[in-house]
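Understanding the architecture of this molecule
Chain by chain, the residues:
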Amino acid sequence: MTSLSSISGIGFINTEKCSLNSERDNLLFGFNGFRFKRFEQVQHRRRKTCLSRRNVRAINVANPDLDFTNPDWKKQFQQDFEDRFSLPHLIDIFDINPRPTTFSLNCRGPQVVNGITSMPGERRNGYVNDDDRALLKVIKFSSPTSAGAECIDPDCSWVEQWVHRAGPRKQIYFEPEKVKAGIVTCGGLCPGLNDVIRQIVFTLEIYGVKNIVGIQYGYRGFFDESLPETPLSRQVVQNINLAGGSLLGVSRGGASVSDIVDSIQARGIDMLFVLGGNGTHAGADAIHNECRKRRMKVSVVCVPKTIDNDILLMDKTFGFDTAVEEAQRAINSAYIEAHSAYHGIGLVKLMGRSSGFIAMHASLSSGQTDICLIPEVPFNLEGPHGVLRHLEHLIQTKGSAVVCVAEGAGQELLEKSIAMDASGNAVLGDIGVHIQQKIKRHFKEIDTPVDVKYIDPTYMIRACRANASDAILCTVLGQNAVHGAFAGYSGITVGVCNTHYVYLPIPEVITSPRRVNPDSRMWHRCLTSTGQPDFL
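These remarks concern the structure in this document. Note that residues are indexed from 1 along each chain, following the sequence as it is written. The predicted origin of the model limits local features to residues at a pLDDT of at least 70 and limits the giving and counting of side-chain atom pairs to 80 or more, whereas totals for whole chains, interfaces and linings rest on all residues. Excluded from the side-chain calculation are hydrogens and water; included are all heavy atoms of the structure.

**Looking at the packing of helix α9 (residues 357-366) against helix α14 (residues 521-530)**
Each packed pair of helices is defined by two parameters, the angle between the axes and the distance between the axes. Stated precisely, the cut-off is as follows: Only the stretch in contact is used when fitting a helix axis, every axis being a line fitted to C-alpha atoms; angles between N-to-C directions are given from 0 to 180 degrees. Helical segments are the DSSP runs of H or I of at least four residues, strand segments are the runs of E of at least two, and each set is numbered from the N terminus. Each angle is binned into one of four classes, with values under 35 degrees roughly parallel, values over 145 roughly antiparallel, values of 65 to 115 roughly perpendicular, and all other values oblique. Crossings are assigned a handedness: left-handed for a near helix turned anticlockwise from the far helix by less than a right angle, right-handed for a clockwise turn. Contact definition: two residues touch when any of their heavy atoms are within 4.5 Å.
At a minimum axis distance of 9 Å, the contact between α9 and α14 shows a crossing angle of 45°. It follows that α9 is oblique to α14 by the angle criterion. Both α9 and α14 take part in a crossing whose hand is left-handed. Here Met360, His361, Ser363 and Leu364 of α9 come into contact with α14, specifically with Met522, Trp523, Arg525, Cys526 and Ser529.

**Details of the environment of Ile200**
As a reminder of what qualifies: When accessible area is computed with a 1.4 Å probe and restricted to protein chains, residues below 20% of their type maximum are described as buried, those above 50% as exposed, and intermediate ones as partly exposed.
Here Ile200 is to be found in helix α4 (residues 193-207). Take Ile200: its relative accessible area is 0%, and that puts it in the buried class. Here Ile200 is in contact with Ile183, Phe273, Leu275, Gly478 and Val482, once residues within four sequence places are set aside.

**A look at the packing of aromatic side chains**
Selection criterion: Two rings belonging to Phe, Tyr or Trp (six-membered ring only in the last case) form a pair when the distance between their centres is within 6.5 Å. Interplanar angles under 30 degrees mark stacking, angles over 60 mark edge-to-face geometry, and anything in between is tilted.
Enumeration over the complete set of coordinates arrives at 7 aromatic pairs. A ring pair is formed by Phe68 and Trp73, whose centres lie 5.0 Å apart and whose planes are at 90°; its orientation type is edge-to-face. Here the aromatic rings of Tyr207 and Phe486 are separated by 4.1 Å at their centres, their planes lie at 10°, and the arrangement is stacked. Pair noted here: Tyr207 is in helix α4 and Phe486 is in helix α13 (residues 468-486), with a separation of 279 residues, a long-range link. As far as the burial class goes, Tyr207 and Phe486 line up, both buried.

**Brief notes about the sheet that holds strand β9 (residues 180-185)**
The condition that has to hold: By definition, two strands form a pair when at least two bridges between them are found by DSSP.
On the basis of which strands lie adjacent, the open sheet formed by 9 strands has the order β6-β7-β19-β18-β13-β12-β9-β10-β11 and mixed pairing. Each edge of the open sheet is held by one strand with a lone partner, namely β6 (133-135) and β11 (230-231). Sheet topology places β9 next to strand β10 (residues 211-215); 5 bridges connect them, and they run parallel. By the bridge assignment, Val184 is partnered in β10 with Ile215. Contacting β12 (271-276), β13 (299-304) and β18 (492-497), helix α7 (residues 278-293) crosses the sheet at an angle of about 170° to β13.

Below, the structure is given as structure tokens:
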């Protein structure tokens with residue numbers, strides 16, 4: 001659940017005295033239309049009566065000033081949402097006349113579409129309209145107690161939240177032959193970086209851009225004079241998707257925003273495509289704002305890159321599917337090791353600094369995990385309901401066990417560190433080694449032999465080539481990044497929301513990491529698969 005577009009907490013007082021779903025009312029629910037309508041009417045009256053009888057307090061983190069007693073609160077909320085999600089555009093500060101796009105979707109011969117024959121040179125429904133939108137949320141919850149419910153108000157009212165659809169436009173705001181485009185990859189490695197670089201170059205060339213350069217080693221390439229630009233073309237990037245890593249290299253941290261924008265200005269870059277995670281997005285947003293402050297006609301567009309899948313509002317980020325696939329292999333290896341040993345325990349530590357998506361999905365896909373530990377769900381190692389006691393039970397009943405832990409899980413159990421990495425993130429303690437030592441010590445104390453195999457596949461996972469699913473995602477993200485830049489947008493990122501490709505303003509996706517919701521259906525499915533109890 002995000003705090004950007006939904007309530008993160010709703011407090012109810014004395015709700016047990018006024019049920020909104022009585023047994024009598026449930027009898028009215030059926031497939032008959034009249035019965036369903038009748039059920040809705042009864043529920044509405046009961047809800048209205050109950051709310052009037054009790055003191056209901058709602059806290060809206062996204063907009064604490066929202067007054068639910070105001071009959072126009074929904075309109076106010078939707079207007080606020082629309083204002084926040086409007087995309088920054090070059091015409092906000094420049095008087096630019098658009099021109100017809102050079103991204104040709106012409107067909108070579110007649111086509112029959114819906115019984116209508118189009119002549120050569122025509123194309124029906126080929127471009128995206130600027131007013132096209134996609135719904136950010138598609139489920140209408142009937143109650144805050146519904147599984148995975150994300151509600152705006154105590155009634156769980158349906159509130160439309162629309163975001164801009166990505167894709168090529170009929171009109172563009174740059175002259176392609178005059179454009180110099182730059183591409184930079186920041187942060188750590190991630191499967192699919194080369195695929196995105198390749199598609200950005202391909203699409204730019206289709207628009208007619210001749211001057212495309214790569215900035216080496218992240219933001220460092222803007223200020224390190226020993227790192228020249230890398231000229232890019234279809235010939236250069238044709239086969240780079242066959243290997244992992246990044247053609248341009250990666251690095252964390254960077255110079256001041258002012259120095260980076262000075263470099264962009266000196267190089268004459270008109271479009272900057274930035275591939276990276278939350279920190280990189282924050283840097284790109286600062287670059288965008290500085291370019292606006294200086295009235296530079298530069299379009300800054302991000303492509304979200306993180307195998308942790310921890311960027312807000314998006315279905316998934318590129319590299320995640322590949323990471324899950326590789327992580328599953330590590331879990332399967334741990335299972336084979338554990339199952340083949342006397343009292344074997346396989347322990348796998350996976351990436352996931354603040355979000356446990358890789359650990360959760362890899363555990364689900366493998367089906368061999370007995371315990372999955374993620375940062376979002378606290379746990380105890382020791383005690384009558386702790387992880388170690390459950391491992392005793394597994395060894396006694398199954399003879400072996402497999403534990404999967406995300407790197408950010410259980411940090412409260414480790415000694416705190418004040419060290420920071422180059423990206424400004426706190427250096428985490430090694431929860432994997434800590435659990436390994438605790439397991440060995442515990443079973444030694446109870447005089448039970450165990451054979452612990454510890455696997456940490458971190459760098460193997462992120463350095464590999466993108467799988468088919470990620471390769472397709474990277475292809476479309478790269479193409480849409482270029483479409484967004486030529487459409488005149490800046491300070492945006494491209495992503496997938498409810499299976500549709502959309503543009504989002506950067507500030508809306510960097511307020512906090514996306515995290516696993518412990519009340520979500522997917523986490524419940526993971527618990528069903530592992531059979532693990534609450535370790536508290």
